[in-house]
Structures are given as structure tokens and as C-alpha cells.
Amino acid sequence: MAKRDTRQLIADAFVDAVRKTSLSRVRIADLIEQLGINRNTYYYHFSSKHETALWVFRRALHDQLCELLPKEQLVSMPFSKRIPQELALYSHIEIGARTLDASLFMKGLLQCVASDPTFYRKLFTVMEPEFVGTVERMYYPLLVDDITFILDGRYMPKETLALVATLSVRSLVGTVEFFLQNPSMQKSLLDERVNPFVNALQESLFEIIQAHPINRYAQRAR
């Protein structure tokens with residue numbers, strides 16, 4: 001069996017197991033027994049069950065974003081050293097001077113988790129801080145890039161940048177959690193005629209940076 005087929009076979013069994021229980025309760029030993037593979041085979045493909053969960057998420061998100069956006073507007077990164085496959089996970093769409101539009105990214109992200117809500121509700125929850133923390137760390141440098149782009153050379157202390165980026169990442173993850181926790185709202189939230197706020201994060205970043213410029217020299221004088 002090809003490496004990719006084995007990895008997908010493991011991932012499919014893993015998703016099914018998480019749906020039935022939870023990420024925390026899934027046991028790799030049970031997956032190995034169910035699939036009839038040895039422990040080394042599992043760890044050849046994935047370093048842990050959390051990496052398995054992240055790979056499933058990133059593969060699904062990649063497919064969704066590639067359907068919505070042209071390649072030149074996608075931000076892609078290798079999954080890991082173990083799996084160097086380039087996967088799209090964000091977008092960079094400039095719509096004006098220091099202005100970004102991430103609405104299609106947000107739509108793709110929400111459509112991704114809506115494709116298997118039972119599975120993703122087991123991941124994007126306070127009960128799984130390791131998975132949520134991994135996703136936050138993954139998006140943190142991308143939000144730093146967005147803020148740096150909006151700043152366009154203007155000054156922001158590193159402490160402020162860290163705060164704004166952290167709050168932005170938590171807003172992103174919080175949007176996914178809210179979406180998953182409210183299935184009756186999902187159709188409306190994905191309809192731009194009803195929900196014109198899909199780009200609220202980037203619009204908010206632009207507005208606060210415009211409204212609160214920081215004087216480098218005033219900071220130095222303190």
C-alpha cells in the first residue's frame with residue numbers, strides 16, 4: 001500500500017474514532033489494532049494523535065481554500081518536516097492601501113468545519129487546549145504579517161504587536177468555536193447578505209491602527 005494511502009487510511013479511522021468519543025479519549029493502540037498495522041507504521045506517518053487531527057484539518061482546509069481562491073492569493077506552508085506537503089491555510093488579498101480582505105478565507109474556514117461538524121466540535125473546544133493552542137500558534141505569525149502589512153512601516157512596539165496579534169488569533173479561533181456551537185445559525189453566517197462581517201477582523205485591525213498611531217519618539221522619551 002502506498003504511503004499516502006496508508007496515511008489516509010489512518011486518518012479516516014482516526015476521524016471516525018474522534019466522532020464516536022473525543023480527541024482525548026482516542027487511543028492509538030485501538031487504532032493500530034483496528035487497522036491491523038503495527039505501532040511503527042502509525043508513528044512513521046504521524047508523531048501523535050494531535051498531529052493526526054491537525055493534518056486532517058489542514059488537508060480539508062487546503063481543499064476548501066483551493067476551491068475558493070486562486071493560487072496567487074493563497075498563503076501555503078509545509079505541514080511538517082515529516083510531511084513536507086505544501087498546504088494552503090490562509091489568504092493574502094490586498095484591496096487597497098494597507099487594506100486586506102480575508103472574507104473568502106473565513107468563508108472557506110467555516111465551510112471546512114461545517115463539512116464535518118461532529119468531528120470539529122471535538123477539536124475546537126476548551127476541552128482540547130493542546131489542539132486549539134496548536135492552531136493559535138499556527139496562525140499567530142500570519143496575523144503578525146497582516147498587522148505588519150497594515151502598519152506599512154509605521155511604528156508599533158513589539159509588546160503591542162504581540163498583544164494585538166494574540167487577540168486577533170483568539171478572535172479567529174473564537175469565531176470557529178461560535179460557528180460550531182450554533183448549527184442553526186451556520187447557513188445565515190455563511191450568507192454575506194445576512195452576515196456582512198466576515199472580514200471584521202481585518203477591518204478592525206485597519207481601523208484601530210489608523211485611529212491609534214504610536215509615536216516612536218514619544219515612547220523613547222519616557
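Residues numbered from 1 in each chain as written. Predicted model: local features only at pLDDT ≥ 70, side-chain atom pairs only at ≥ 80, totals over all residues. Heavy atoms only, no water.

## A word on the nonpolar core
If you look at the biggest cluster of nonpolar residues, it comprises 67 residues, and the most contacted ones within it are Phe57, Tyr120, Phe124 and Tyr139. In contact with Phe124, not counting residues within four places along its chain, are Phe57, Val113, Phe131, Val132, Val135, Val173, Val176, Glu177 and Leu180. (Core = buried A, V, L, I, M, F, W, Y, C linked by side-chain atoms within 4.5 Å. Buried < 20%, exposed > 50% of the residue type's maximum accessible area, 1.4 Å probe, protein only. Contact = heavy atoms within 4.5 Å.)

## Notes on the packing of aromatic side chains
Applying the stated criterion across every chain, the model contains twelve aromatic pairs. Their ring planes at 70° and their centres at 6.0 Å tell us that Tyr90 and Tyr139 sit as a pair that is edge-to-face. Separated by 49 residues along the polypeptide, Tyr90 in strand 2 (residues 86-91) and Tyr139 in helix 7 (residues 129-151) bring together distant segments of the chain. Here Tyr90 falls in the buried class, since its relative accessible area comes to 3%. (Phe/Tyr/Trp six-rings, centres within 6.5 Å; stacked < 30°, edge-to-face > 60°. Helix = DSSP H or I, 4+ residues; strand = E, 2+ residues; numbered from the N terminus.)

## Looking at the environment of Ala29
Secondary-structure assignment places Ala29 in helix 2 (residues 28-35). Sequence spacing of Ala29 and Arg137 is 108 residues, and the spatial spacing of their C-alpha atoms is 28 Å.

## Quick notes on the packing of helix 5 (residues 103-114) against helix 8 (residues 158-181)
Packing of helix 5 against helix 8 brings their axes to within 10 Å, and their N-to-C directions diverge by 40°. Taken together, the axes of helix 5 and helix 8 are oblique relative to one another. Crossing hand, helix 5 versus helix 8: right-handed. Judged by residue contacts, Phe105, Met106, Leu109, Leu110, Val113 and Ala114 of helix 5 engage Leu172, Thr175, Val176, Phe179 and Leu180 from helix 8. (Axes fitted to C-alpha atoms, helices over the stretch in contact; angles between N-to-C directions. Parallel < 35°, antiparallel > 145°, perpendicular 65-115°, else oblique. Left-handed = near helix turned anticlockwise from the far one by under 90°.)

## Details of empty space enclosed by the protein
For the structure on display, the rule yields one cavity of 30 Å³ or more. Its volume calculated, the largest cavity comes out at about 30 Å³. Along the walls of the largest cavity sit Tyr90, Ser91, His92, Ile93, Leu100, Asp101, Ala102, Asp146 and Gln202, which together make up its complete lining. In the lining of the largest cavity, the residues fall into four nonpolar, three polar and two charged. (1 Å grid on protein atoms, 1.4 Å probe; cavity = no way out; pocket = protein on both sides within 12 Å on 5 of 7 lines; lining within 4 Å. Points joined across faces, edges and corners; volume = space filled by probe spheres on them. Nonpolar A, V, L, I, M, F, W, Y, C, P; charged D, E, K, R; others polar.)

## Some words on unusual backbone geometry
If you check the backbone angles, Arg98 has positive phi at about 60° while not being a glycine. Position of Arg98 relative to the elements: it lies in the loop between strand 3 (94-96) and strand 4 (99-100). Even without being glycine, Asp152 reaches a positive phi, approximately 55°.

## Looking at the side chain of Thr125
Relative to the helices and strands, Thr125 resides in the loop between helix 6 (117-121) and helix 7. Contact partners of Thr125, with chain neighbours within four places excluded, come to Val132 and Glu177.

## What about the pairing of strand 2?
Buried residues dominate strand 2, accounting for five of its six residues. Here strand 1 (residues 74-78) runs beside strand 2; their pairing, made up of five bridges, is antiparallel. Note on strand 2: the bridge partner recorded for Pro78 is Glu86. (Pairing = 2+ DSSP bridges.)

## Quick look at the environment of Ile147
Secondary-structure assignment places Ile147 in helix 7. With 62 residues separating them along the chain, Ile147 and Ile209 place their C-alpha atoms 8.5 Å apart. Apart from the residues lying within four places of it in its own chain, the contact partners of Ile147 are Met156, Leu161, Val164, Ala165, Leu205 and Ile209.

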